[in-house]
Amino acid sequence: MFVDSHCHLDFPDLAEREETILAAMAQNRVGHALCVSVKMEDFPRVLALAERHPNLSASVGVHPDNDGVEEPDEARLLALADHPKVVAIGETGLDYYWQKDAPEWQRERFRTHIRAACQCGKPLIVHTRSAADDTLRLMREEGAGEAGGVMHCFTESREVAEAALDLGFYISFSGIVTFKNARELKAVAQYVPLDRLLIETDAPYLAPVPHRGKTNEPAWVVHVAEEIARLRNEPLERIESATTENFFRLFRHAQAH
Ligand SMILES: [Zn+2]
Ligand SMILES: [Zn+2]
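Here the structure is a predicted model, which is why all the values come from computation and not from measurement. (Residues numbered from 1 in each chain as written. Chains lettered and ligands numbered in written order. Predicted model: local features only at pLDDT ≥ 70, side-chain atom pairs only at ≥ 80, totals over all residues. Heavy atoms only, no water.)

A. Inspection of the coordination of the zinc ion (ligand 1) at higher detail. Surrounding the zinc ion (ligand 1) are the protein donor atoms Glu91 (OE), His127 (ND1) and His152 (NE2), which sit 2.0 to 2.1 Å from the metal. Each donor residue of the zinc ion (ligand 1) lies on the same chain, and together they follow the pattern E-x35-H-x24-H. In this structure, the zinc ion (ligand 1) is positioned 3.5 Å from the zinc ion (ligand 2), and both are ligated by Glu91. Here Glu91 is found in strand β4 (residues 86–95), whereas its partner His152 is found in the loop between β6 (149–151) and α7 (158–166), with 61 residues between them in sequence. (Donors = N, O, S within 2.8 Å, 3.2 Å for Na, K, Ca; no water. Helix = DSSP H or I, 4+ residues; strand = E, 2+ residues; numbered from the N terminus.)

This is the structure we're talking about:
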């Protein structure tokens, strides 16, 4: 079976098709998906999805792009993470692409999430865009390696991948790796050790080829695995089993069933 390590099934486009999406997952042998939280206000819906379906799990956190939303402190994150279906803290991190002035509140929020993850022993889901140096610096300063985690929807250089791997983190590839012009990223997908590789859709965004431009869904994570198998010249089954084992090793509170 395959696992989608990162999706947003609570977003309206997907939420209204919940049963169809779960059925398509089963058909493509996508046996598990992690529903990732982006703001406190939506967390109850993310958790409800994971409570309704044994093959979904949830995370808790606030995305760095979300300004003017509820700002959780460490205690609040810890309280919400203390639920058997919450397997990770995030998504969290830094995004200076959408917040070009690199605001201090993003870094403060990221630090709070790292501290909560270290405290509760659940791994981090890190989002980074146009902010790799600061992301790695904060991860080092706060000892993020203690909690571990994943660099989700990885689009950075090989050097950034290397630094994250050195901190003990996993690297997750999305549909971007199937895009023709993603040459540098394809090279990174060839380089990451097999036991640190994850796959994701980031649905509803970033649908992989051959569905590019459509509303993405977890069933299509198979296309990400196929492209990685092709790039690494390995059988698909090997990528399938490695990424699934990696997922349940990292997110050890997630239940395979
Ligand atoms: Zn993200
Ligand atoms: Zn996401």
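Having seen the model, we can carry on.
B. Representation of empty space enclosed by the protein. Summed over all chains, the structure comprises 1 cavity of 30 Å³ or more. As a volume, the largest cavity reaches approximately 40 Å³. Those elements giving two or more residues to the lining of the largest cavity turn out to be α1 (12–15) and α2 (18–27). Sorting elements by how many residues they give to the lining of the largest cavity places α2 first, with 3 residues. Its residues placed into classes, the lining of the largest cavity shows 6 nonpolar, no polar and 1 charged. (1 Å grid on protein atoms, 1.4 Å probe; cavity = no way out; pocket = protein on both sides within 12 Å on 5 of 7 lines; lining within 4 Å. Points joined across faces, edges and corners; volume = space filled by probe spheres on them. Nonpolar A, V, L, I, M, F, W, Y, C, P; charged D, E, K, R; others polar.)

C. Local environment of the coordination of the zinc ion (ligand 2). Every protein donor of the zinc ion (ligand 2) is accounted for by His6 (NE2), His8 (NE2), Glu91 (OE) and Asp202 (OD), and the metal-donor separations fall at 2.1 to 2.5 Å. Coordination at the zinc ion (ligand 2) comes from 4 donor atoms whose angles at the metal span 85 to 177°, giving a geometry best classed as irregular. When the donor residues of the zinc ion (ligand 2) are listed from N- to C-terminus, their spacing reads H-x1-H-x82-E-x110-D. With a relative accessible area of 1%, His6 lands in the buried category. (Tetrahedral: all angles 85-135°; square planar, octahedral: opposite > 155°, others 65-115°. Buried < 20%, exposed > 50% of the residue type's maximum accessible area, 1.4 Å probe, protein only.)

D. Broad picture of the sheet that holds strand β1 (residues 2–7). What the 8 strands build is an open sheet, ordered β1-β2-β3-β4-β5-β6-β7-β8; its pairing is parallel. Two strands lie at the open edges of the sheet, namely β1 and β8 (197–199), each paired on one side alone. With strand direction ignored, the average angle separating the axes of adjacent strands in the sheet is 30°. As paired strands, β6 and strand β7 (residues 170–173) are joined by 2 bridges and run parallel to one another. Counted as the bridge partner of Val150 is Tyr170 from β7. Here α2 sits on the sheet in contact with β2 (30–35) and β3 (56–60), set at roughly 135° to β2. (Pairing = 2+ DSSP bridges. Axes fitted to C-alpha atoms, helices over the stretch in contact; angles between N-to-C directions. Contact = heavy atoms within 4.5 Å.)

E. How the structure looks around the packing of aromatic side chains. The tally for this structure, following the rule as stated, stands at 5 aromatic pairs. Ring centres of Phe11 and Tyr205 lie 6.0 Å apart, and the angle between their planes is 75°; this geometry places the pair in the edge-to-face category. One end of the pair, Phe11, is in the loop between β1 and α1; the other, Tyr205, is in the loop between β8 and α9 (221–232), and 194 residues separate them in sequence. What makes Phe11 buried here is its relative accessible area of 16%. Here Tyr205 falls in the partly exposed class, since its relative accessible area comes to 44%. Taken together, a centroid distance of 5.1 Å and an interplanar angle of 90° make the contact between Phe247 and Phe248 edge-to-face. On the accessibility criterion, Phe247 (1% relative accessible area) is buried. Positioned above the aromatic ring of Tyr97 is the side chain of Arg129, whose terminal nitrogen or guanidinium carbon lies 3.6 Å from the ring centre. It is Arg158 that lies over the ring of Tyr191; its NZ or CZ is 3.9 Å from the centre. (Phe/Tyr/Trp six-rings, centres within 6.5 Å; stacked < 30°, edge-to-face > 60°. Lys NZ or Arg CZ within 6 Å of the ring centre and 35° of its normal.)

F. Quick look at the packing of helix α8 (residues 183–191) against α9. Put simply, α8 and α9 touch, their axes get as near as 9 Å, and they point 75° apart. Judged by the angle between their axes, α8 and α9 are roughly perpendicular. Residue-level inspection shows Lys186, Ala189, Gln190 and Tyr191 of α8 in contact with α9, the latter providing Glu227, Leu231 and Arg232. Its residues assigned to classes, the contact of α8 with α9 shows 3 nonpolar, 1 polar and 3 charged. (Parallel < 35°, antiparallel > 145°, perpendicular 65-115°, else oblique.)

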